[in-house]
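These are the residues of each chain, in order.
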Amino acid sequence: MHCTRKVTNNLIWVGANDRRLAMFEGVYSVPGGVSYNSYLLLDQKTVLFDTVDKAVQHRFLENVAHGLGGRDLDYLVVQHMEPDHSAGIKEILDLYPGVKIVCNAKTLAMIKQFHDFEVDSRVHVVKENDTLEAGKHRLEFFMAPMVHWPEVMVTYDHTDKILFSADAFGCFGALNGALFADEVAFERDYMDETRRYYTNIVGKYGPQTAALLGKASGLDIKMICPLHGFVWRENLGDIISKHVLWSSYQPEDQGVMIAYASIYGNTENAAEILACRLRDRGIKTQMFDVSVTPASEIVSAAFRWSHLVFASTTYNNGIFVTMEAMLSDLVAHNIQSRTVAIIENGSWAATSGGHIRAMLEKCKNMNILEGMLSVKSSVKAAQLAEIGAMVEAIAATFPGGAR
């Protein structure tokens, strides 16, 4: 049985939710599930925007059939070829043999890579600023390469002022009956998952995201329809401003994220003491144990906070394995423009700090503070002054020097 919702009088959400998926893209935990959004426009011509993942394809096809109400499907707009949005192309073509695929040249090449059916005779290739008339609705296409694949494009409906944003403005989490961001307590319940989605899926490609945001700024947008997460119809400036910050690698909040790797609790203790002393100075802190916290959450927090501290025991003359993996992930996501302090620990050869510094020096505009704290096995009373000095060094880089 179908499960659809109206977006506008002539636009229907025909997507589906997946709450059984454990790891999105095999990497990112999604305890709240994920939505695969697809939209059906009913005009003189019918237009379907993208398909869904194969896991929810049966429900999606029921939704499309219900939305069409016996009409034929004229166009399938393929904005992004990642399989969670393109797995159903062949089934749509089989069910609606008269449909035309609307895509760009790079998408056409990828369709041939992912699928084996004959496509050249069934495709309408578009490029930047090309338009498609559906009747009352005029659709214009904008290329968005590397947000976050090279073939990505977005679509703007000039009539209803809707931006179909592909993977941009997405969010982890099933929709749970809601469709619009204003139907839920978004800041409280979904902002962290929106940040985690952006930073991990798209975060590496800040300049490309900024280029798309620049194109969007020239459009009169009343609604944003992404491929994951909620539709935005109110307070669009709030979510756009967040993406402007994230894409420019500027922190949202002044505070310190502390990520630590500790085997027997001694490195953790050093990090805890530092956090307490920072709080004494009125500086916000957030702590993560890299051995139990998914890297995607730490990457997200690193994009949020202005200051980062990494504390790691030495392991095999290097960085502890979970810390090294997390830092590799963070560097790969292009983190930059942060102030960083480092704590190392080692019972006979403390070397992890130098390795951490070397990894972070690959990033742009990183202010890596001098005076690394080097612990031998456990913190002793004599080292409290060194922790205090690190607190002062961090506080000095805050606006007004903290309190």
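Everything below is about the structure shown above.
Nothing here was measured: the structure is a model prediction, and the numbers come from that model.

Draft legend 1. A look at the pattern of salt bridges. Taken as a whole and assessed by the stated rule, the structure comprises 17 salt bridges. When the shortest N-O distance is used, the salt bridge between E361 and R357 registers 3.0 Å.

Draft legend 2. Here's a closer look at the sheet that holds strand 15 (residues 162-164). The strand order 12-13-14-15-16 describes an open sheet built from five strands, whose pairing is mixed. In the strand order of this sheet, the two ends are held by strand 12 (131-133) and strand 16 (223-225), each with one partner. Strand-to-strand, the axes of this sheet are offset by a mean angle of 20°, without reference to chain direction. As paired strands, strand 15 and strand 16 are joined by three bridges and run parallel to one another. If you follow F164 over to strand 16, its bridge partner there is C225.

Draft legend 3. Just the nonpolar core, in detail. Core analysis: the biggest nonpolar cluster contains 91 residues, and V7, Y39, L48, I92, I101, F141 and C225 have the highest contact counts within it. Tallying contributions element by element places helix 6 (residues 191-202) first for this core, with five residues. Beyond its immediate chain neighbours, meaning those up to four positions away, L48 contacts V14, S38, Y39, L40, F60, V64, L73, Y75, L76, V77 and I92. Among the nonpolar cores identified, the runner-up in size contains 30 residues, and M257, M323, I342 and L360 belong to it.

Draft legend 4. Representation of the packing of helix 6 against helix 10 (residues 295-304) within the structure. Where helix 6 contacts helix 10, the two axes come as close as 8 Å, and the packing angle between them is 95°. In this view, helix 6 runs roughly perpendicular relative to helix 10, as classed from their interaxial angle. Between helix 6, through D192, R195, R196, T199 and N200, and helix 10, the contact on the second element is made entirely by S296, E297, V299, S300, F303 and R304. Of the residues in the contact of helix 6 with helix 10, the class split is two nonpolar, four polar and five charged.

Draft legend 5. Region of interest: unusual backbone geometry. V147 connects to H148 through a cis peptide bond whose omega is 5°. Secondary-structure assignment places H148 in the loop between strand 13 (138-143) and strand 14 (153-157). The residue N334 is not glycine, and still its phi comes out positive at about 70°. Note that N334 resides in the loop between helix 11 (321-332) and strand 21 (339-345). A positive phi angle is found at N365, which is not glycine, with a value near 55°.

Draft legend 6. How the structure looks around the pairing of strand 18 (residues 285-289). Sheet topology places strand 17 (residues 253-261) next to strand 18; five bridges connect them, and they run parallel. Its bridge partner lying in strand 18, M257 is registered against Q286. Once you follow strand 17 into helix 9 (residues 266-280) and on to strand 18, the crossover reads as right-handed.

Draft legend 7. Just the sheet that holds strand 7 (residues 39-42), in detail. Pairing is mixed across the open sheet formed by seven strands, whose spatial order is 1-2-7-8-9-10-11. If you trace the sheet from one side to the other, it starts and ends with strand 1 (5-8) and strand 11 (123-125), each paired once. Pairs of neighbouring strands in the sheet enclose a mean axial angle of 25°, with direction left out of account. One ladder, built from three bridges, connects strand 2 (residues 11-13) with strand 7; its direction is antiparallel. Within strand 7, the position partnered with L11 by the bridge is L41. Contacts from helix 1 (residues 57-68) reach strand 2, strand 7 and strand 8 (46-49) within the one sheet, and its direction differs from that of strand 7 by about 15°. Sitting on the sheet, helix 4 (residues 105-114) touches strand 10 (100-103) and strand 11, and the angle it makes with strand 10 is about 125°.

Draft legend 8. Inspection of the side chain of E140 at higher detail. Tracing the backbone through its elements, the reader meets E140 in strand 13. Of the side chains with opposite charge, R138 lies nearest to the buried E140, which makes no salt bridge, at 4.5 Å. There is a polar contact of 2.5 Å between the side chain of E140 and the side chain of H158. Beyond its immediate chain neighbours, meaning those up to four positions away, E140 contacts N129, D130, T131, V154, T155, Y156 and H158.

Draft legend 9. Main features of the environment of A259. Mapped onto the elements of the fold, A259 is located in strand 17. Separated by 221 residues in the primary sequence, A259 and S38 place their C-alpha atoms 38 Å from one another. Other than its neighbours up to four places away in sequence, A259 contacts F288, V290, I298, V309, F310, A311, M323 and M326.

The rules we used
Residues numbered from 1 in each chain as written. Predicted model: local features only at pLDDT ≥ 70, side-chain atom pairs only at ≥ 80, totals over all residues. Heavy atoms only, no water. Salt bridge = Lys/Arg side-chain N within 4 Å of Asp/Glu carboxyl O. Pairing = 2+ DSSP bridges. Helix = DSSP H or I, 4+ residues; strand = E, 2+ residues; numbered from the N terminus. Axes fitted to C-alpha atoms, helices over the stretch in contact; angles between N-to-C directions. Core = buried A, V, L, I, M, F, W, Y, C linked by side-chain atoms within 4.5 Å. Buried < 20%, exposed > 50% of the residue type's maximum accessible area, 1.4 Å probe, protein only. Contact = heavy atoms within 4.5 Å. Parallel < 35°, antiparallel > 145°, perpendicular 65-115°, else oblique. Nonpolar A, V, L, I, M, F, W, Y, C, P; charged D, E, K, R; others polar. Right-handed = clockwise from strand over helix to strand, strands pointing away. Lys, Arg positive; Asp, Glu negative; His and termini not counted. Polar contact = N/O pair within 3.5 Å; in protein donor to acceptor, adjacent residues only side chain to side chain.

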